[in-house]
Amino acid sequence: YGKEILVVAIDNSDLLRMPELFPDLTAYGPVSELAKVEQEQYLVGAHLDDLANFMRKTVHPMILEKYNVDGSKVGICGSSMGGLAGLYCALRDLGAYQYVISYSPAYGLYEESAWYGWLKTLALGEKKALQPKLHIFCGGADPLEKELEKTARRMKAILTDCGYESGKIYETYDPAKKHNEESWRLILPESFTRLF
């Protein structure tokens, strides 16, 4: 693509994965029934703000100091819970990320009222220049992807209702793709093309 991309991976594969990737929007609306099941199963709270702070205050400065990169061209990418987390972090710290890749996102862990309530506090319509380009991808070849697809498709409408520019949101849906790393790897070149 004529560009060099530095990828920074943050491990979150242990039992703390759920709390690290789960935002606290309960002041704005309820979690979904699925989230209640997940929370009970893992006995977790919502600690995504801690991870977001770590990335902004520790990881970003370290990368800018160590590597010759353009700090005005930073993206965040995640899949499943990470797809939810990536969008949350980019909107919470508006202007810190210029690109968001959100694969098979678990947006449905909160009811729509929670998303609307939180997004309205961000006044996105007044900050159009800071809004990142967003690529949402979801498959449909297994039960989990089919469930995630419903809320992924709704998210664009929720975002635009709250002032997000629709032209900055790209969507790709492939009913033949499953909820796995292979599907996300195969769609990555499209994300780079659309976003960069």
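An account of the accompanying structure is given in this report. As the structure is a prediction and not an experimental result, all values here were calculated from the model.

### Side note on the overall build of the protein
Logical step 1: Summing up its helical and strand segments, the protein has 7 helices and 4 strands in all.
Logical step 2: In terms of C-alpha radius of gyration, the protein reaches 16 Å, essentially the compact-globule figure of 16 Å for 196 residues.
Logical step 3: Considering only C-alpha atoms, the protein reaches an extent of 45 × 35 × 35 Å along its principal axes.
Logical step 4: By the burial criterion, 44% of the 196 residues in the protein qualify as buried.

### Comments concerning the packing of aromatic side chains
How two aromatic rings sit relative to each other is given by the distance of their centres and the angle of their planes.
Logical step 1: Applying the stated criterion to the full structure yields 7 aromatic pairs.
Logical step 2: Taking the centre distance of 6.1 Å and the plane angle of 80° together, the rings of Y107 and W115 count as edge-to-face.
Logical step 3: Looking at Y107, the relative accessible area reads 1%, which means it is buried.
Logical step 4: Since its relative accessible area comes to 2%, W115 is described here as buried.
Logical step 5: Seen from their ring centres, F192 and F196 are 5.3 Å apart, and the 25° between their planes marks the pair as stacked.

### Examining the pattern of salt bridges
Logical step 1: Inspection of the entire model under this criterion finds 9 salt bridges.
Logical step 2: Notably, a salt bridge pairs R92 with D93, separated by 3.1 Å at the nearest N-O pair.
Logical step 3: Taking the relative accessible area as the measure of exposure, D93 reaches 16% and is therefore buried.
Logical step 4: We note a salt bridge from E190 to R194, for which the minimum N-O separation is 2.8 Å. Taken together, the residues E190 and R194, both in helix 7 (residues 181-195) and 4 residues apart, mark about one turn of the helix.
Logical step 5: E190 gets classed as partly exposed once you look at its relative accessible area, which sits at 26%.
Logical step 6: Note on R194: relative accessible area 33%, which makes it partly exposed.
Logical step 7: Residues participating in the shared-partner salt-bridge network are D49, R56, R92 and D93.

### What about the nonpolar core?
One recurring pattern in soluble globular proteins: nonpolar side chains tend to sit buried together.
Logical step 1: The biggest cluster of nonpolar side chains holds 47 residues, and the ones touching the most others in it are L91, W115, L119 and L159.
Logical step 2: Only helix 3 (48-66), helix 4 (81-92), helix 5 (112-121), strand 3 (133-139), helix 6 (143-161) and strand 4 (169-174) provide two or more residues apiece to this core.
Logical step 3: In terms of residue count, the dominant contributor to this core is helix 4 (8 residues).
Logical step 4: In this structure L91 touches W118, L119, L122, L124, P132, L159 and Y164, once residues within four positions along its chain are discounted.
Logical step 5: Counting residues in hydrophobic clusters, the runner-up holds 9 residues, among them Y99, Y103, F137 and L195.

### Let's talk about the pairing of strand 2 (residues 99-103)
Logical step 1: Within strand 2, 5 of the 5 residues are buried, which leaves it mostly tucked inside the rest of the structure.
Logical step 2: Note on the crossover from strand 1 (residues 75-79) through helix 4 to strand 2: the handedness is right-handed.
Logical step 3: Across 5 bridges, the pairing between strand 2 and strand 3 is parallel. Looking at strand 3, one finds that I101 is bridged to H135.
Logical step 4: With helix 5 bridging strand 2 and the parallel strand 3, this β-α-β connection has right-handed handedness.

### Remarks on unusual backbone geometry
Logical step 1: Not every positive phi belongs to a glycine, and S104 is a case in point at roughly 45°.
Logical step 2: When you line up the elements, S104 lands in the loop between strand 2 and helix 5.

### Some points on the side chain of K168
Logical step 1: With respect to the element layout, K168 can be found in the loop between helix 6 and strand 4.
Logical step 2: A residue is classified by how much of its surface remains accessible, and K168, at 18% relative accessible area, is buried.

Reading the values: the criteria
Residues numbered from 1 in each chain as written. Predicted model: local features only at pLDDT ≥ 70, side-chain atom pairs only at ≥ 80, totals over all residues. Heavy atoms only, no water. Helix = DSSP H or I, 4+ residues; strand = E, 2+ residues; numbered from the N terminus. Rg over C-alpha atoms; globule rule 2.2 N^0.38 Å. Buried < 20%, exposed > 50% of the residue type's maximum accessible area, 1.4 Å probe, protein only. Phe/Tyr/Trp six-rings, centres within 6.5 Å; stacked < 30°, edge-to-face > 60°. Salt bridge = Lys/Arg side-chain N within 4 Å of Asp/Glu carboxyl O. Core = buried A, V, L, I, M, F, W, Y, C linked by side-chain atoms within 4.5 Å. Contact = heavy atoms within 4.5 Å. Right-handed = clockwise from strand over helix to strand, strands pointing away. Pairing = 2+ DSSP bridges.

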